[in-house]
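Observations on chain architecture
The primary structure of each chain is shown beneath.
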Amino acid sequence: MASKAVYTRGDPMLKKRDDFEDMLEERRISSDLRFAAKCFMPVLYKGLTPCTPDTLKSAALHSDPVNYVIHQVAKETGKALDDVRAEAEAILDEMAHRLQLSTVRFFAFMLSKVFKTLFHSVNVNEEGIQRLQQAIQEHPVVLLPSHRSYMDFLLMSYILYTYDLSLPVIAAGMDFMGMKFVGEMLRMSGAFFIRRSFGGDRLYWAVFSEYVKTIVKNGYAPVEFFLEGTRSRTAKSLTPKLGLLNIVMEPFLKGEVFDVSLVPVSISYERILEEALYARELLGVPKPKESTSGLFKARKILREDYGSIHVYFGQPVSVRSLAHGHVDRCQFNLMPRHIPARPREETVHFVNNTAYRLVRAQEENSVLKPWVLLATLLLQKQEAPMTLDELTERAVWLRDLSRQYGAFLHWPDQMHPSEVVSSSLALHGGLVRVSEGRVHLEQAGAAEAASSPEDQLLSRAVLVLSCASYRNQALHVFLRPALVASAVRATSSARKVEVFDCFRFLRDVFSNEFILCPGATMQDFEEACYLLEKTGALHVTQHDMAVTKRGQKTLDFLTGMLEPFLQGYLVVCRFLLEESAEALTQKSFIPAIRQFIIKHLLQGRLTQLEVLSSDLHKNALAALLRLGAVRRAQQDTLRVNKVKLQSVEDALGGKLPPPNVASARL
Amino acid sequence: MNAAHFSPQPYDSYTLSRRQHGSSMASGSDGGSESQQVAQQRLRIIAGHLRAPADSGSAIVAAECKAQGSEADAVQQEKRTMPRRRQDIMKWNGWGYSDSRFLFNKKGQAEFTGKRYRLSGMIIPGLKDWFESTFGASLQHKTPPTPLLNNNAVQAPTLNEPFVDDLKSSGIPFSHDAEDRVFRSHGHCLHEIFAMREGRFGRLPDVVVWPNCHNDVVKVVELACKHNVCVIPYGGGTSVSSALECPADEARCIVSLDTSQMNRILWIDEKNLTAHLEAGIIGQDLERQLNESGYCTGHEPDSMEFSSVGGWVATRASGMKKNIYGNIEDLVVHVKMVTPRGVIEKSCQGPRMSTGPDVHHFIMGSEGTLGVVTEVTMKIRPMPEYQKYGSVVFPNFEKGVACLREVAKQRCAPASIRLMDNEQFKFGHALKPQVSSLFTSFLDGLKKLYITKFKGFDQNRLCVATLLFEGDREKVLQHEKQVYDIAAKFGGLAAGEDNGQRGYMLTFVIAYLRDLGMDYYVIGESFETSVPWDRVLDICRNVKARIVGECKDKGVQFPPLSTCRVTQTYDAGACVYFYFAFNYRGLADPVHVYEQVEHAAREEILANGGSLSHHHGGKTSSRGFSFASRERSYACARLNVQDLCDTMTNHKHNPNTEVCNCAGVSVVVIIILILYVRLAGQIPIIFLILIMFPLPNEGGVTGVSRRAKS
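Residues numbered from 1 in each chain as written. Chains lettered and ligands numbered in written order. Predicted model: local features only at pLDDT ≥ 70, side-chain atom pairs only at ≥ 80, totals over all residues. Heavy atoms only, no water.

1. Describing the overall build of chain A
- A count of helical and extended segments in chain A gives 26 helices and 15 strands.
- In summary, chain A has a C-alpha radius of gyration of 26 Å against a globular reference of 26 Å for 666 residues, a match within 12%.
- For chain A, the C-alpha atoms occupy an extent of roughly 70 × 60 × 55 Å along the three principal directions.
- Classification of the 666 residues of chain A by burial places 56% in the buried group.
- By sequence separation, contacts in chain A at least 24 residues apart represent 78% of the contacts at least 6 residues apart.
- Per element, the accessible surface of chain A, about 27800 Å² overall, is 54% carbon and sulfur.
- Across chain A, 80 positive and 74 negative side-chain charges occur, with their mean positions spaced 2 Å apart. (Helix = DSSP H or I, 4+ residues; strand = E, 2+ residues; numbered from the N terminus. Rg over C-alpha atoms; globule rule 2.2 N^0.38 Å. Buried < 20%, exposed > 50% of the residue type's maximum accessible area, 1.4 Å probe, protein only. Contact = heavy atoms within 4.5 Å. Areas by Shrake-Rupley, 256 points an atom, 1.4 Å probe, with all protein chains shown as cover. Lys, Arg positive; Asp, Glu negative; His and termini not counted. Charge placed at Lys NZ, Arg CZ, Asp CG, Glu CD.)

Given below as structure tokens:
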């Protein structure tokens, strides 16, 4: 596979990870003003030709690729060359960053204040910082942080400023420009803005990609962007977007730089600022438009406690070593390099594989808090709330299990488990309530009697989805064993081959939902079997596998983990089979299925509130489209292939009857 | 029949530089018989440092060659440089003449011995510091070569007695003396020289023969066919493509066919400006003898002191003055080659033909796998009236390349224009001989001050282009101005003739310097590529960086020397030449490490759009690539060859029929498709097919004649 270097397999227990240092500690004892005014002398790329943001712009504008496309566009549209060039210049003006140290210093001051109020600590692995510093000197660097919050890129720049590293140039969505003043502020702190969609606009693409490539080739500054493309509302990693990754790799593939270092960065929040916001969004309450006044209204969040942040700078990955043996760079030899050409299939594969591996690296280095484990347990036992002691006992069990599975768990071992549990519950008081010694998933003091059953349902769903977003942080740890566990449960026979077939099917269906590296089915299966066997849950021989007695508990837990997703996909299938009206379009799909589910929930035929998540609906639809059970017809309408869809549903549901799913089987 | 396999590739490719220019320029300030004066001066110069040794006098001329040999031939024989016993004047385990070498004297100063070169007998004060700081080498740590050739270590020859008997009766001189055989068992690849220095000999040629003329070669090849003996042609012996290596598993007798005694200029045609040469003549003799008549070929590969005309043809050589005179493919008018199935040659000396693929293009670059080149007609030019060196300093390499590109675009490249990178500039600087006068050193100091302080050039980034102009005095001066004007646009400053000349000197001493390095744990080699203009900078940067990175990975303890120069310009691209050397202390198998790094570097070259080689020829160590890069064109060729093989079997097996046909053929189309495919082992398979399509005779001219020898 493309890269052993991105993340290594083998025993996850042996994974070596760096220690963290709290960078707020120093901020709390010394002057923020002095910090903001400090002498800032970052190390630079050794091959750098110094230049300003403006020379960068004009270099991109006058580059061969942009010139080429300008000429092409002029020829095809019949516009004057100068007009097209002016257009390109306008695009560039709209896009380009204007990094100013003074703005950065302003942010440094403000953010110090904000961070100190919001967070207990901001923890950074300093060894990662040192590696990054080294990498910046050697080759152009691309920073790839995970994206969970608006805070992410402010936080990144803040960290780099603190550690005297050159400030990144950040790809940001155009929507920020909607915020007057703030948009410009961000621009001056190094953000450049790209339109969310520019479909077939060749000129835009050329200008944009050349602008980024110019930055990379010149080594001007680290380029930062989010592989996931957007903030993940569910805290699961999103399927990576390849556009920008393609662009930053191209200078290497075409030989214009010797190498490019990709640095995955995992940012883990103990409590996400947008927590409830995301849940509402998933339930269909539209996302408020970014606006300056909105930002001020959000001030109230300043009064709350958001725990700590962990930022882990991963091992820089050399594109050169990744590409070795996978991409034949000679493919670019037979054409001038500035003429845009469709990349070869092997190159597309390579970029895709790399993207997945980088997201996996982000996942693996993300820090899990005890609350994540608690949320997982609470969600699985919604019906029968546990007592504090039960919860503590199960949490300890899960702690050990997750450690064996290689989770990067930050469990304060010096504290008594019950203390850990109660302090976690306290931090997330908005989601749980302890009454009569039992832990309920409820908002404290919510008086719901007055509202309609539907409102009640939705407000509970907000709670569940918020909770689920924490559980999702741990999904990547348990995902592969959980898929095997589900496959074992679904297959009555103990034959390994059959389990594998089932595993493969599930993995395929869920590959839009979770980060599952393409083409690594066998590897994932073996890794999962290894883990299950190591923890004594499975007994695996050459051809057979059997669940051990003590393994039942683990398997219950693991299948429970996948349960909401399985149910969700089944509901989507059912909906399409039953209600697929002629005029169902991709747009009307989401509201329609939401209504369908609410109806069923109210009738008690469905129990899992999580299936209301629109993210799940989208992923399920994408999976069905991919599997050919649904296809896209004219005007975005969806056509259902009933036979195929039925077979998918049967395979998912019929073969997979986990014990408590009966009610969900419509 | 067909038994004589021409083992891998023969001949000298001509890298490992060695060229010289007598003085910076021919004076030529007085008018009058300027050209004569120039000619004489040039002669003096060449005589000065290429002093021909007294002939060994053992010239045995085979009977039938004597017939052609006029008195003039006898005179030429006197002047020839290369005796049959080459080891008498040349190193058997290093580069060049035995009396010329670099060494660190007792005071620790570098010195070049002998009297042949301009640098001979001089102290080079800067070399030691450069050597120690660049490689981390130390004069305390020596790795001297095995001093004497140990005859016991040499395998006894595998003699094919009937062949030897026939050879004896033919009267062609031959030998199976160990020294002769060892000398011809290798070229100048690093691994070959390294093994020689350690006194390790692999498979050697079993017999060395010295044919005296074309007919002798025909006879030798014929005998080889008859007795199933391998032939490896040997010209100057400067090959860097492992072409002279004998396959270790070859059980048959291997004959090294040394062309050094075929070294006459057979005629000069002043009307058409061509000269007909025997293929064994070496560059320096050719140039000297032509100069006597007021002509030159202008073909000056870096190895021209030792490499031969036949070798140039067989390896598709390129000379540094190709901008005026052209590469070998532009210079060759006619070639005669002896193959196992007869002699190939064109029937005319016309400048161009359009009857199918050009036979010459199969011969050039075939590296001896198809036959022995015996005679060549080459273009000649009147000697240039005026020669002038020059140099330009650029603030950085990027600017320099941009300037060269512009020069190429305007098609005003001087005879030679080369751009050295910063490391190579420093290298050249370290080779400055001790200056005698205080004034010169004062001037040097001023120059340096001006460039670095006043002009603000960074000493660690600047690079220098060296120039050589040739032609009429006035035109040269005009040309010079044009080039300097272009350079000025790219921030270049004229830096004097001296720097330019030293740049060229570097090329000819580099091979001697490698021997010095090998005395102190430093090994290195050069390789080259040709690449489109837009990729020149990228390839230079990436290949150099790759070398440094790979060395680190492979456990080399000290940073290597990894440097390049843009050494030729073309309309559509340039030739880039890389030097790579490192200190191998602490490595168990330095040659292997070297080869791994070189392999990686070549991989990088290919990935960056460069060719495998511009002029060194196909190296066996890059075999894996060779196939890939030739694959496309050859795969087609092979299919066709095999098809044709099947349909044309009659012709193939009975060459005489064709000869008969020849007489009455109006149009003869010859397709020669050549393929050598190396299988897992080292056995080259040669497909050589001559196909003739006889058409109804109208009593026309014979297009191509081919004499079968059986």
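Having put the structure on the table, let's press on.
2. What to know about the pattern of salt bridges
- Under the counting rule described, the total for this entry stands at 74 salt bridges over all chains.
- The salt bridge involving Arg-337 of chain A is made with Asp-538 of chain B; its shortest N-O contact spans 2.8 Å. Of this pair, Arg-337 of chain A sits in the loop between helix H14 (319-323) and helix H15 (345-364) while Asp-538 of chain B sits in helix H19 (residues 536-553), which puts the two residues in different chains.
- By relative accessible area, which is 9% here, Asp-538 of chain B ends up buried.
- We note a salt bridge from Asp-400 of chain A to Arg-399 of chain A, for which the minimum N-O separation is 3.2 Å.
- When its relative accessible area of 37% is taken as the criterion, Asp-400 of chain A is described as partly exposed.
- Each of the salt bridges in this network shares a partner with another, and the network as a whole consists of Arg-320 and Arg-329 of chain A together with Arg-546, Glu-550, Lys-554, Glu-603 and Glu-604 of chain B. (Salt bridge = Lys/Arg side-chain N within 4 Å of Asp/Glu carboxyl O.)

3. Overview of the interface of chain B and chain A
- With 14 residues of chain B at the interface, the matching set in chain A holds 13 residues.
- Interface area for chain B against chain A, summed over the two sides, is near 1100 Å², with a carbon-plus-sulfur share of 37%.
- The partner of Arg-320 of chain A in a salt bridge is Glu-604 of chain B, with the nearest N and O atoms 2.7 Å apart.
- Applying the counting rule to chain B against chain A returns 12 residue pairs in polar contact (both at pLDDT 80 or more).
- Elements represented by at least two residues in the side of chain B that touches chain A include exactly H19 and helix H20 (590-607) of chain B.
- The biggest single contributor to the side of chain B that touches chain A is H19 of chain B, with five residues. (Buried area = accessible area lost by both parts, 1.4 Å probe. Polar contact = N/O pair within 3.5 Å; in protein donor to acceptor, adjacent residues only side chain to side chain.)

4. Focus: a nonpolar patch on the surface
Residues and elements named next belong to chain B.
- A cluster of nonpolar residues, Phe-442, Leu-446 and Leu-449, forms a patch on the protein surface that exposes about 310 Å² of accessible area.
- Note that Leu-446 resides in helix H16 (residues 438-454).
- Look at Leu-446 and you get partly exposed, because its relative accessible area is 43%. (Patch = residues over 30% accessible without salt bridge, like charges linked within 9 Å, V, L, I, M, F, W, Y side chains within 5 Å.)

5. So, unusual backbone geometry
Residue and element names in this part refer to chain A.
- Even without being glycine, Asp-164 reaches a positive phi, approximately 60°.
- Following the sequence through the fold, Asp-164 ends up in the loop between helix H8 (151-162) and strand E4 (169-173).
- You can call Asp-164 partly exposed: its relative accessible area is 26%.
- Even without being a glycine, Glu-436 presents a positive backbone phi close to 55°.

6. Here we look at the sheet that holds strand E7 (residues 254-258) of chain B
Residue and element names in this part refer to chain B.
- One open sheet holds the four strands; their spatial order is E4-E5-E7-E6, and the pairing between them is mixed. Strands with a single pairing partner mark the edges of an open sheet, and in this sheet they are strand E4 (174-175) and strand E6 (230-234).
- Here five bridges tie E6 to E7, and the two strands are oriented parallel to one another. Following the sheet pairing, Cys-230 is matched in E7 by Ile-254. (Pairing = 2+ DSSP bridges.)

7. What about the domain arrangement of chain A?
All names here are of chain A.
- When its domains are assigned, chain A resolves into domain 1 (46-364), domain 2 (368-434) and domain 3 (476-665).
- Summarising the inter-unit geometry, the C-alpha centres of domain 2 and domain 3 are found 26 Å apart.
- Contacts between the two partners involve 13 residues from domain 2, matched on the other side by 15 residues from domain 3.
- Approximately 1300 Å² of surface area, both sides summed, lies buried where domain 2 meets domain 3, with 69% of it carried by carbon and sulfur atoms.
- Inspection of the region where domain 2 meets domain 3 yields zero salt bridges.
- Put simply, domain 2 and domain 3 have two residue pairs in polar contact (both at pLDDT 80 or more) between them.
- Within the residue set of the side of domain 2 that touches domain 3, elements represented by two or more residues are helix H16 (370-380) and helix H17 (388-404).
- For the side of domain 2 that touches domain 3, the element with the highest residue contribution is H17, accounting for six residues.
- Looking at side-chain class alone, the side of domain 2 that touches domain 3 contains eight nonpolar, four polar and one charged residues. (Domains from an automatic or database assignment. Nonpolar A, V, L, I, M, F, W, Y, C, P; charged D, E, K, R; others polar.)

8. A closer look at the side chain of Thr-521 of chain A
All names here are of chain A.
- Summarising the element assignment, Thr-521 is placed in helix H22 (residues 521-534).
- The exposure class of Thr-521 is buried, given its relative accessible area of 17%.
- Here Arg-507 takes part through its side chain, which lies 3.3 Å from a polar atom of the side chain of Thr-521.
- Apart from residues no more than four positions distant in its own chain, Thr-521 is found in contact with Phe-500, Phe-503, Arg-504 and Arg-507.

9. Brief notes about the packing of H19 of chain B against H20 of chain B
Residue and element names in this part refer to chain B.
- Relative to each other, H19 and H20 sit at 155°, their axes nearing to 9 Å. Comparing their axes, H20 and H19 come out roughly antiparallel. Our pair here, H19 against H20, has a crossing hand that is right-handed. The residues of H20 that touch H19, namely those facing Ile-539, Asn-542, Val-543, Arg-546, Ile-547, Glu-550 and Cys-551, are Val-597, Ala-600, Ala-601, Glu-603, Glu-604 and Ile-605.
- Looking at the contact of H19 with H20 residue by residue, the class counts come to eight nonpolar, one polar and four charged. (Axes fitted to C-alpha atoms, helices over the stretch in contact; angles between N-to-C directions. Parallel < 35°, antiparallel > 145°, perpendicular 65-115°, else oblique. Left-handed = near helix turned anticlockwise from the far one by under 90°.)

10. Quick look at the sheet that holds strand E1 (residues 102-104) of chain B
All names here are of chain B.
- Pairing within the open sheet is antiparallel, and its three strands lie in the order E1-E2-E3. Edge positions in the sheet fall to E1 and strand E3 (123-124), since each of these pairs with one other strand and no more.
- Pairing of E1 with strand E2 (residues 110-112) involves three bridges; the strand directions are antiparallel. In the strand pairing of E2, Phe-102 is matched with Phe-112.
- Strands in contact with helix H18 (residues 496-519) are E1 and E2; relative to E1, the strand with the most contacts, it is inclined by about 40°.

11. With respect to the nonpolar core
- Ranked by internal contacts, the top residues of the largest apolar core, which has 107 residues, are Trp-371, Phe-478, Val-484 and Phe-589 of chain A.
- Looking at this core element by element, the count peaks at 15 residues for helix H23 (residues 551-579) of chain A.
- Val-484 of chain A has contacts with Val-499, Phe-503, Phe-525, Ala-528, Cys-529, Leu-532, Leu-538 and Met-545 of chain A, leaving out every residue within four places of it along the chain.
- Trp-130, Leu-139, Ala-430 and Val-509 of chain B belong to the second-largest nonpolar core, a separate cluster that totals 62 residues. (Core = buried A, V, L, I, M, F, W, Y, C linked by side-chain atoms within 4.5 Å.)

12. Remarks on the pairing of strand E21 (residues 573-583) of chain B
All names here are of chain B.
- Buried residues dominate E21, accounting for 11 of its 11 residues.
- Sheet topology places strand E19 (residues 522-532) next to E21; 11 bridges connect them, and they run antiparallel. Its bridge partner lying in E21, Glu-525 is registered against Phe-580.
- Here strand E20 (residues 561-569) pairs with E21 via eight bridges, running antiparallel. Its bridge partner being in E21, Cys-564 is matched across the sheet by Phe-578.

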